[in-house]
Every structure is written in structure tokens, then in C-alpha cells.
Amino acid sequence: MASLFRDLSLGQSWRESTPSPPPKLQIQPPPPIMSVRPVAADLECPLGQLASHLTDSDLRSAAYEIFLALTRTSSAKPLSTAATTDPPNHHHNHLPHSPRSPSLQRSLTSAAASKMKKALGLKSPGSGSKKSPGSGSGSGQGKSKKPLTVGELMKIQMRVPEADDSRVRRALLRISAGQVGRRIETVVLPLELLQQLKSSDFTDHQEFESWQKRTLKVLELGLLSHPRVPLDKSNPTSQRLRQIINAALNKQMETGRNNESMQILRSAVTSLASRSDGSSVLEVAHWADGIPLNLRLYEMLLEACFDVHDDTSIIDEVDELMEFIKKTWTVLGINQMLHNLCFTWVLFHRFVATGQVETDLLDAADGQLLEVAKDAKTTKDAEYSKVLSSTLTAIMGWAEKRLLAYHDTFDSRNSVTMQSIVSLGVAAAKILVEDISNEYRRRRKNDVDVARSRIDTYIRSSLRTAFAQRMEKADSSRRATKNQPNPLPVLAILAKDVGELAVKEKRMFSPILKRWHPFSAGLAVATLHACYGNELKQFISGITELTPDAVQVLRAADKLEQDLVQIAVEDSVDSDDGGKAIIREMPPYEAEAAIANLVKVWIKSRLDRLKEWIDRSLQQEVWSPQASQEGFAPSGVEVLRLIDETLDAYFQLPIPMHPALLPDLMTGLDRCLQYYATKAKSGCGTRSSYLPTMPALTRCETGSKFQWKKKDKSSSTTTNGQKRSSSQVATTMNGSNATSATPQLCVRINTLHRIRSELDTVEKRIITHLRNSESAEAHDFSNGLAKKFELAPSACVEGVQQLSESLGYKVVFHDLSHLLFDGLYIGEPSSSRIEPCLEELERNLTIISDIVNEKVRTRVIADVMRATFDGFLLVLLAGGPSRCFTRQDSAIIEEDFKSLKDLFWANGDGLPAELVDKFAATVRGVLPLFRTDTESLIERFRRETLEAYGSAARSRLPLPPTSGQWDPTEPNTILRVLCYRNDDAASKFLKKTYNLPKKL
């Protein structure tokens, strides 16, 4: 605590500085005295306003007169006199030799440590400081100084001019001489002074008139405006007195003893001053003991305890001075409770009025409030409670004006002052609430923690104010930098400022406030959290897309929230609930969730644009080898570039959760690529769409030359068994769609294969992005599904498979149909063999080999080979009634098939021999049936049918259905060989067993 006394404060007492007995010292005039007491302009006196205006100087003079009168005559004994030396010379008026009472004549000595100052926590000045007015010091021009008496000290402390002091003393001597044996407490002092002092006692007539008016006003205030006992307005005595005073204030009053006006005045004053409420034990004239006059006069006396040379210090002789000041209690109607309250106010007011630098004064006032609190609990005096309430309200109002915005009021230089102000403000509030408030008494006291409640209010109010200021500052900062590149958004600046504010609160203010509120830091950050949260909520509600500003603000908010929560948790670690109550006041900003939502919006927007591009691009795509890039469609190359571009843009987003939201992006990109693959293969047909409908079974008629129609449009079916219209069949079969031509199908296959191959590269690039991501953790790399395509690879593989099959069956069943189905083995097999088909097939294989990427070429040519083998079998087993074979034709068939296999093997330059053999297995198994004799075929057919259908087939062989799965042991396959067998045995068996016709 800072010392109350500085270099200009009171010095050591005469007893401290000189040995006993003291030598006689020459009294020298003290240094110049301050003319006025310090006043706090923004602090109205709560002790009450006087009905008539009196200046501080007027009140001080009146108070000094009372003090001087009562300290001269402290007993009922007659006034006595004693000779003494002259007091110090003030101004240019010298007091003539006058007798002094023993009590007033006591030499003042300051104890080594004043008991009162010690009790108030006020320290005495150091040995190097100036002396207080009552102390002797050194020697002057060889003459010793004499210590001051209490009266002399009080004259100095109350700034009373020498002439005024001498005049009052002379008047008191005259009063004493005229009323021997009468106690001074029974005398109405202003009345007697009016009687004793004449114009000749003053330096000029104007001074006399001013004094007389002031004295009459004191009488008016004490007896009429603020009497101790309430006065009836119709009281004739009070009316008479008011008339006299009003007349005297307008025209000088004659105050001679025999003057009629003076006699009427004395009669009225004496009558009114003798009224009593019965509370006084002693006989006292009641002319200065009504509130607020008595309190204002007593305030002036208590102000005299402050050193006139250092208005922040209380003199060392305060114990002795206060002893004499208390002698005025009887006349002023002061008791210990009122003294405690007034002294508290005087200490507090002096602290405020002197620049709020001496916290010792504030601490002393705080200490006095402890006594006031005790008094408040024991008294039921309504007048006292009224003054108490106004005084405490004034103190608390002043304190709260600073505490409700303590961030503006205090900093590291005056934080000690803050602690004292908080203590004083809380103490005042507790008395007001606990001892004055009726509402508090009606409630259980345990339900109200006044101190904690006030601190709660201070913290919330101050931080809201500080936040608003930071908000305005951030806005100004944003405007100042708006022309600079990449200026920070307001809320990002604010988040940084709020974080600094929270740290300042925790470091500087919370340790002070923790005395009254154990979780002050937590409450502070909760308040800041709420303030920033309100602004953030409005900001988020206005965001429609992911922008750099939005990300900056949300990331700053997230960091701020983490810092605030950390402070709250640390502050509440010792609380009963572990800080849950404070955390409940801090609903999450969910900044990360807001960022995530914005990123999801960004992802959706990108994906929607990508899908729209795919639709538009595929509508324009011609799949032409001439327009392709190395056999890949431009749309396929571009879609991969857009995927890379989207991923790059995503990982460049300034967000903290790239790994967390990557699955959303990957899922969307995966579906876009799947969509591309699906659209790329759509409209290109399938294996089944090129296969012709099987013709009805007939018996072979030797020499018959019926034309076989590839499709029975009235009964053609789709792969799922539904009827297909003739237009659909025609469209499928005539290949009118240019994008389904062989070169275009090859480009489609290349494109999907390229996309599938590039997906692995894209996934590796994603891992690289993740490694460079600031928020990536180990488990983000172990979770493979989050960064892999799931749908697109299989869609591309299925697309390549479907397109490859479609290409193979299109070449065979559409492009070569005129040679294969309309020419091969029609009529005589020996004259319609396979060479024309092989030539056209080779030409198509050359086109395919030139266009299809080498990595998928084997697959495509293998599908062409499979389709060719299937077509060859279809000619043999479902070639229609225009074809018939003898056993001798089997050699031709086998030779043609070998040529067909050799085309694909190409002497080792084509497909692998084992692959050719694998696909040729079915044909190789069926061909021996064509060289088997008819009886053996019929027998094998019966056996296989009975085996397939059991005993039900013994009476009548059922007609086996066409499965399309040709096999030498399959009844339908054997039956078809019989249908195309050109001999009578086969024809008779078919006629007898199934009644098959010879022609369609």
C-alpha cells in the first residue's frame, strides 16, 4: 500500500525531534496555506443540501466558532483565563494578548505512531519529510520556537485568518464574562456573537455586513430550515423569527442589547432553541443539531484533520485534534454512528478530490465502513438510515461508475487502486442490501451473495463495454486497410483483440476480483464468448458461400473459442461442478461446423458444375478417332483435368479439416466419373441386342432353298423377355447411330480404360495433398476408403467390358451378317465356305488393332473372337431351313473353323494360342456331332433327354427348350444337329416324335 504521506506531508512531532524537557522555541509563521479544500466536481455531497446557500468558507467559519467555543469551555465551571505567548502571525492581523483555557493551551505533541492512523492503516511520514503544523523544527536566527496549541493548530487547519480568530476570541471572552457559570452548550452561539460583535470589530463595514448575514443564515438554517425537532409551519415564534431574519438580510440590523429588534430576536431564538425531543440527557440549546446542518458543519471540522500543506495526508496530531473535535458533539447532535459515517465520507471524498492517487485514504474509508456496517445492523433510526443510504449510494455510485467499465478506468499502473475501489464499492453495496433493503430481509440471506452478485455485474458490464470498443476499433482498422491487399475481415481482427482482452483480464483483473468471485476469470471469458458469439452468429447467417473472408473469420473464431474455454476450465478447476456452470454459459460457436457446411456447399457447387459439364460435353462428343487425343476422347481427357483441378482447389482452401471433408468430395467425384462412364457406354448396345432371334425348328428337306430371316420381328424379344418393337430391332440391327460405329466404339473403350488407369494416379496425388495438409494426422493415411474411388473404377471396367462385347457382336452379327448369316453354307456347303467372312473380319480386326489401346486390345479382339465363334455355331445350329449338312460336310466345317482360329492366332502374332483354344472349346465340342451317324445321334438324344427329364419322358419325348448354351451332351444341341441332318432317318424321327414341318 502506498504511503499516505509524501515529502510535503506532516513531519515528526516536537516530542520526536527534541529531548524532554523541551526548550522554549520561537514561534514562526507556517508556510502559506491552501485557500480552499479540494473538491470532487462529479461527487455531490450526500450529507444533505442546505435550504439557504452557504459557501464552504461560511460553513468552515461557523464550525470553527463552535469548536473554539466548546474547547475553551469544556466544563461547567466559569470561563477562566491564562496568559500565554502570541500565536503564529497569520496575514497581517495580530491577536492581542488574551487569556486561554487550560484545555486549549495544551502543547501539541505527535506520538511516534498515531493510534487513529495506525487503526486506519495510515502511515506516518518519514524522517525526511516536512513537519506538520503542530511540530517544532530547528532553530531560527538563534531563537527557539514554541510548539502550537490545539487551538492554534485548528486555526491553521481550518484556514481561519488571524483577524477572524482574534475577533471570535474577543467575543467569546465577552460572552464568558457576561454569563459566568453558564455552560456553553446552553448558549445559542450565533445569537451571542451577534450581540457582542460590532462593526468596529471588523476591518470595514462591508465585512461586518457579510458576517452578520452569514450568522443570521446559520440561525435560520439551525432553527427554521433544519431544526432538530420538526417545526410546525404555523408556529408563531418561527414566523416571527423568519420575518426578523428576512428583514435583517435586506437591511442591517441593530444588535444593541436594548434594541427592540434584538430583544425580539433573542426571545424567538431562545424559545425555538429550547425545544427538545427528549433524547438529550444534558441541557443543550438546539440550534445546530438538525440534519443536514450539523453534518455539514461536522464535515468541516473533520476536514481539518488533513494537512494544509499536503491535502492527501492526515496530520500526525490527529488523535489529539479528534479528541477536541468530539467536544462539539453535544452542540451538533453528533454521536458515534454519525461520526463513523461522516468520517467515512470525508476520507472517501478526500481520495476522490485529490486525484485518486492515495489508496491509503480509500483503504481507511473501507476500514471505517466496517464500523458503519456494525452501526447499521444495530440502529433503527430513520434519520440516520436516510443519511446512511444516501452516503453509501453516493460512494457506490462513484465506485460503480468506474467498475462497470473497469477496463477503461484501470491498467497496470493503478490496479492497486482498483482493488481498494472494489472493496469499498462491495462493502457499501452489502450494507445497502443486507442492512437497509427490506426485500433482502424478506428473503433468505443465504440466497443472496451480494459481493459475488456485484462482481458479476461489474465483470459483465465492463467486458461488454470493452468488447463494443474493440468492435468499433476493429471496424476502423478494417476501413483504414481496405485499399491494402488482403485486408483482414472485421471479425478476424476482433477475434484477435478479444483474445488479448481475455488474457489481460486473466492476468490483471481476475486476481483482484477473485477475492469476491472465485471464478471471475471464467465469468469474464464467458461474457466475451457471448459477445463475440452474437456477432459471429449474425455473420454466419449472412454467409452463402465459402470465401477467404468467411474462412478467416471462422478459423479465428474457432481459435478464440479454444483459448476462452481453456481459461474458463483453468479458472474453474477447483469448483464443485468442475466448471460445468461456466461452460454452460459458453454454447459452442460451432465454427468448424460452419466451415464444414460452407465447404460442403462449395463441394456441391463444384460437383453440380462438373456434372453439367459432363452432360453438355457428352452431347457434343463424336468419339471420332480423328478428333481424339492418342485415341482418347477429348471429353475424357478434360474430365480428368477437371477432377485434378477440383482436388487442387479443395486442398488450397484455407480450412482446418481437409481430411475430414475429403470423403464428401471423393464420393461426389466418384459419382461424377461413374456418371461419365455410364453415359459413355449408353446407346452402344449389348451382346444380346445384336443376337438374332432363334428360328423355329423344322425338318430338313433335301434340296430346299428357303431364305432364313435374321429376325422374326413379330416375336423378337429383349434380353429380359419383353417383346421388342420392330423399330427397335431395326435400329439395333442397322447400325444407323454413327457414334456406335466400330472406330467410335474403340475410342469409347480407350477413354474409359484411360480414366480407370488414371484413377490410381489421382489417388496418389490425393495422398500427397494430405501430407501437405496442416490438419492431417496418421489415421487419415491409414483410412484408405476416404481417399479412394469406389464406384468409378468398377463403372469404367464394366463400361469397357460392355463396349468390348458390344463391339465384338456388332462386328460379327451386324457388320458381317451379310457374309456370315446370308452366305455361309447356304445351299451347298462346299460352294459357300468361310473365306469371304475371313477377309472382312480381318479388315475389321485391323481397324480395331489400329485404334484400341494396346493395354486393352487383347480384351477387345478376344471379344470379337468369341462373337465370331458364337456366330459360327449359330449358323450350324440355328441357320434356318436354307442350310442342311451331311456327314461328309463335317470335314469342310472343321477345316473352316480351323481357318477361323488361325486368323485370330495369326501364327503367334495375334491372340495367345491358349486363349484361342479356351474360346474355341464349345465349338470344338459340338463339331464331332456333325460327323456322327444319324442313328447314334438319335440314340444319344433319347438318352440325354431321358436323363434330363426322368421317367416322364419314357412315353413321349418332350421337346427340349433352347438354352443357347451349346454342348454335345445337351438335348437341344443334339436335336438341332438332327434338324439340319440331310437324310431320311433324321426327317422321319423328327416327324414322328415332334411332328416338325419340313419348312417354315
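These figures come from a predicted structure and were not determined experimentally.

(A) Here's a closer look at the confidence of the model for the protein. Residues of the protein with pLDDT of at least 70 account for 82%, and the chain-wide mean is 82. Contacts of residues 1-35 to residues separated by more than four positions or lying in other chains number 122 contacts, the stretch itself having pLDDT below 50. Scored below 50 in pLDDT, residues 702-736 makes 55 contacts in the model with residues more than four places away or belonging to other chains.

(B) Expanded view of unusual backbone geometry. Residue proline 292 is bonded to the preceding isoleucine 291 through a cis peptide linkage, with omega at 10°. Tracing the backbone shows proline 292 in the loop between helix 9 (260-273) and helix 10 (293-303). Of note in the backbone geometry, tryptophan 623 takes a positive phi value of approximately 55° without being a glycine. Its place among the elements puts tryptophan 623 in the loop between helix 24 (591-620) and helix 25 (634-652). Not every positive phi belongs to a glycine, and alanine 906 is a case in point at roughly 55°. Here alanine 906 shows up in the loop between helix 35 (890-905) and helix 36 (913-926). Given a relative accessible area of 30%, alanine 906 falls into the partly exposed group.

(C) Structural context of the environment of isoleucine 315. Locating isoleucine 315 in the fold gives a position in the loop between helix 10 and helix 11 (318-325). Separated by 198 residues in sequence, isoleucine 315 and lysine 117 have C-alpha atoms that sit 9.0 Å apart.

(D) Geometry of the nonpolar core. By size, the foremost hydrophobic cluster in this structure holds 290 residues, and its most contacted members are Leu265, Trp287, Ile325, Phe348, Tyr532, Tyr650 and Phe872. Ignoring sequence-local partners within four residues, the contact set of tyrosine 650 consists of Val599, Trp602, Ile603, Ile655, Met657, His658, Leu661, Leu662 and Leu665.

(E) Focus on helix 4 (residues 150-157). A large share of helix 4 lies buried, amounting to 8 of its 8 residues. What helix 4 keeps buried is the set Val150, Gly151, Glu152, Leu153, Met154, Lys155, Ile156 and Gln157. Contacts made by the buried residues of helix 4 are with helix 2 (56-72), helix 5 (162-178), helix 10 and helix 11. Note on helix 4: the residue one or two positions beyond its end, arginine 159, has a positive phi of about 60°.

(F) Looking closely at the side chain of glutamate 505. Here glutamate 505 lies in helix 20 (residues 490-513). Although buried, glutamate 505 forms no salt bridge, and the nearest oppositely charged side chain, lysine 504, lies 8.0 Å from it. For glutamate 505, the residues in contact, after removing those within four places along its chain, are Tyr406, His407, Leu463, Ser510, Pro511, Leu513 and Ala524.

(G) Geometry of the packing of helix 7 (residues 205-225) against helix 9. Their axes nearest at 10 Å, the elements helix 7 and helix 9 cross at an angle of 35°. When the axes of helix 7 and helix 9 are compared, the crossing they make is left-handed. For the pair formed by helix 7 and helix 9, the contact residues are Leu216, Leu219, Leu223 and Leu224 on the first element and Leu265, Val269, Leu272 and Ala273 on the second. By residue class, the composition of the contact of helix 7 with helix 9 is 8 nonpolar, no polar and no charged.

(H) Highlighting the packing of helix 15 (residues 382-403) against helix 17 (residues 415-436). It is at 9 Å that the axes of helix 15 and helix 17 come closest, and there the two elements cross at 140°. With respect to helix 17, the axis of helix 15 lies oblique. The way helix 15 lies across helix 17 gives a crossing that is left-handed. Residues Leu388, Ser389, Leu392, Thr393, Ile395, Met396, Trp398, Ala399 and Leu403 of helix 15 form the contact with helix 17, whose participating residues are Met418, Ile421, Val422, Leu424, Gly425, Ala428, Ala429, Ile431, Leu432 and Ile436. Within the contact of helix 15 with helix 17, the residues separate by chemical class into 16 nonpolar, 3 polar and no charged.

Criteria and thresholds
- Residues numbered from 1 in each chain as written.
- Predicted model: local features only at pLDDT ≥ 70, side-chain atom pairs only at ≥ 80, totals over all residues.
- Heavy atoms only, no water.
- pLDDT = per-residue confidence, 0-100.
- Contact = heavy atoms within 4.5 Å.
- Helix = DSSP H or I, 4+ residues; strand = E, 2+ residues; numbered from the N terminus.
- Buried < 20%, exposed > 50% of the residue type's maximum accessible area, 1.4 Å probe, protein only.
- Core = buried A, V, L, I, M, F, W, Y, C linked by side-chain atoms within 4.5 Å.
- Lys, Arg positive; Asp, Glu negative; His and termini not counted.
- Salt bridge = Lys/Arg side-chain N within 4 Å of Asp/Glu carboxyl O.
- Axes fitted to C-alpha atoms, helices over the stretch in contact; angles between N-to-C directions.
- Left-handed = near helix turned anticlockwise from the far one by under 90°.
- Nonpolar A, V, L, I, M, F, W, Y, C, P; charged D, E, K, R; others polar.
- Parallel < 35°, antiparallel > 145°, perpendicular 65-115°, else oblique.

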